[in-house]
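Each chain, written out:
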Amino acid sequence: DQQVKQNSPSLSVQEGRISILNCDYTNSMFDYFLWYKKYPAEGPTFLISISSIKDKNEDGRFTVFLNKSAKHLSLHIVPSQPGDSAVYFCAAKTTNAGKSTFGDGTTLTVKP
Amino acid sequence: KAGVTQTPRYLIKTRGQQVTLSCSPISGHRSVSWYQQTPGQGLQFLFEYFSETQRNKGNFPGRFSGRQFSNSRSEMNVSTLELGDSALYLCASSEEGANYGYTFGSGTRLTVV
């Protein structure tokens, strides 16, 4: 039973446009959600997070939206840049748990 | 601050052998977690250590074990290697608290032949 799902394995967008990466979860106990970016031959890098008590968190070009009733979150990147091309992982955790549960990742390609 | 350091970066082993991977977390981080990434798969949680104690464990067979030392450095051991153990093994450390994301190392690429 995969508790965190990223249903789109890949996404391609034009430079300057918006990239929207989606993530669904099934465990209602999750109360913290995080996004990571991974380049080849490197470990994932933490991007942005959101608590379940919020529905939006913004950091520069990156905004994460959370819809608790739908158990859905999304990462918006505006404007997209070629350097954003990477694999993006969605992750979820409960407040007192040390472990995070990851989705399978979405490969974003931003074309110049 | 120095990042999370994993050694070695690459490793080739034969079936049946055992292997030990090492991880040095960011100074001050007491939580160290290990994940396995295989092609087409997300990150599968192996275990988490906090203050030398295993706090969480994933659904991996007993051939996978780990430990954490008093300086927070961690090791992961896989015994009786199988071909399916070929993967990227990632170590991550974090500060305590739900709002802190992981800082990952670059990983150890293990190939079992």
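The structure this text deals with has already been given above.
Below is a short write-up of the structure. (Residues numbered from 1 in each chain as written. Chains lettered and ligands numbered in written order. Predicted model: local features only at pLDDT ≥ 70, side-chain atom pairs only at ≥ 80, totals over all residues. Heavy atoms only, no water.)

As a further point, take the overall build of chain B. Each helix and strand in chain B was counted, giving zero helices and 11 strands. Mapped from its N terminus to its C terminus, chain B presents α and β elements in the order β-β-β-β-β-β-β-β-β-β-β. Its C-alpha atoms give chain B a radius of gyration of 13 Å, within 12% of the compact-globule value 13 Å for 113 residues. In terms of overall dimensions, chain B has a C-alpha envelope of 40 × 25 × 25 Å along the principal axes. Evaluated residue by residue, chain B yields a buried proportion of 50% over its 113 residues. Sequence-distant contacts in chain B: of pairs separated by 6 or more residues, those separated by 24 or more amount to 53%. For chain B, the computed accessible surface area is about 5,200 Å², with 45% contributed by carbon and sulfur atoms. Distance between charge centroids for chain B: 6 Å, based on 11 positive and 7 negative side chains. (Helix = DSSP H or I, 4+ residues; strand = E, 2+ residues; numbered from the N terminus. Rg over C-alpha atoms; globule rule 2.2 N^0.38 Å. Buried < 20%, exposed > 50% of the residue type's maximum accessible area, 1.4 Å probe, protein only. Contact = heavy atoms within 4.5 Å. Areas by Shrake-Rupley, 256 points an atom, 1.4 Å probe, with all protein chains shown as cover. Lys, Arg positive; Asp, Glu negative; His and termini not counted. Charge placed at Lys NZ, Arg CZ, Asp CG, Glu CD.)

Scanning the model with the defined rule gives six salt bridges over all chains in all. Between Asp-84 of chain A and Arg-61 of chain A there is a salt bridge; the shortest N-O distance is 2.8 Å. Placement of the pair is Asp-84 of chain A in the loop between strand E8 (72-77) and strand E9 (86-93) and Arg-61 of chain A in the loop between strand E6 (56-59) and strand E7 (62-67), with a sequence separation of 23 residues. For Asp-84 of chain A, a relative accessible area of 2% translates into the label buried. Relative accessible area serves as the criterion here: at 23%, Arg-61 of chain A is assigned to the partly exposed category. Between Arg-63 of chain B and Glu-82 of chain B there is a salt bridge whose closest N-O contact spans 3.6 Å. Of this pair, Arg-63 of chain B sits in the loop between strand E6 (53-57) and strand E7 (64-68) while Glu-82 of chain B sits in the loop between strand E8 (74-78) and strand E9 (87-94); the two residues are 19 residues apart in sequence, bridging distant segments of the chain. According to the relative accessible area criterion, Arg-63 of chain B is buried, its value standing at 16%. (Salt bridge = Lys/Arg side-chain N within 4 Å of Asp/Glu carboxyl O.)

For the rest of this paragraph, the subject is the layout of surface pockets. Considered as a void within the structure, the largest pocket measures approximately 410 Å³ in volume. Lining the largest pocket are 18 residues, and of these Lys-99 and Thr-101 of chain A together with Gln-44, Phe-45 and Asn-59 of chain B lie nearest its centre. Sorting the residues of the lining of the largest pocket by element identifies strand E10 (101-102) of chain A together with strand E4 (31-37) and strand E5 (43-50) of chain B as the ones contributing at least two each. Per-element accounting of the lining of the largest pocket gives the leading share, three residues, to E5 of chain B. Here the residues of the lining of the largest pocket sort into six nonpolar, nine polar and three charged. Taken as a whole, the second largest pocket encloses approximately 180 Å³ of empty space. Lining the second largest pocket are 15 residues, and of these Gln-37, Thr-38, Pro-39, Gly-40 and Gln-41 of chain B sit closest to its centre. (1 Å grid on protein atoms, 1.4 Å probe; cavity = no way out; pocket = protein on both sides within 12 Å on 5 of 7 lines; lining within 4 Å. Points joined across faces, edges and corners; volume = space filled by probe spheres on them. Nonpolar A, V, L, I, M, F, W, Y, C, P; charged D, E, K, R; others polar.)

What follows is about the state of the cysteines. What makes a disulfide is a covalent bond joining the sulfur atoms belonging to two cysteines. Residue and element names in this part refer to chain A. All chains considered together, the criterion is met by two disulfides over all chains. A sulfur-sulfur separation of 2.0 Å characterises the disulfide bridge that pairs Cys-23 with Cys-90. One disulfide, between Cys-23 and Cys-90, carries an S-S torsion of -70° and so falls in the left-handed class. Highlighted residues: Cys-23 in strand E3 (residues 19-25) and Cys-90 in strand E9, separated in sequence by 67 residues. (Disulfide = S-S within 2.5 Å.)

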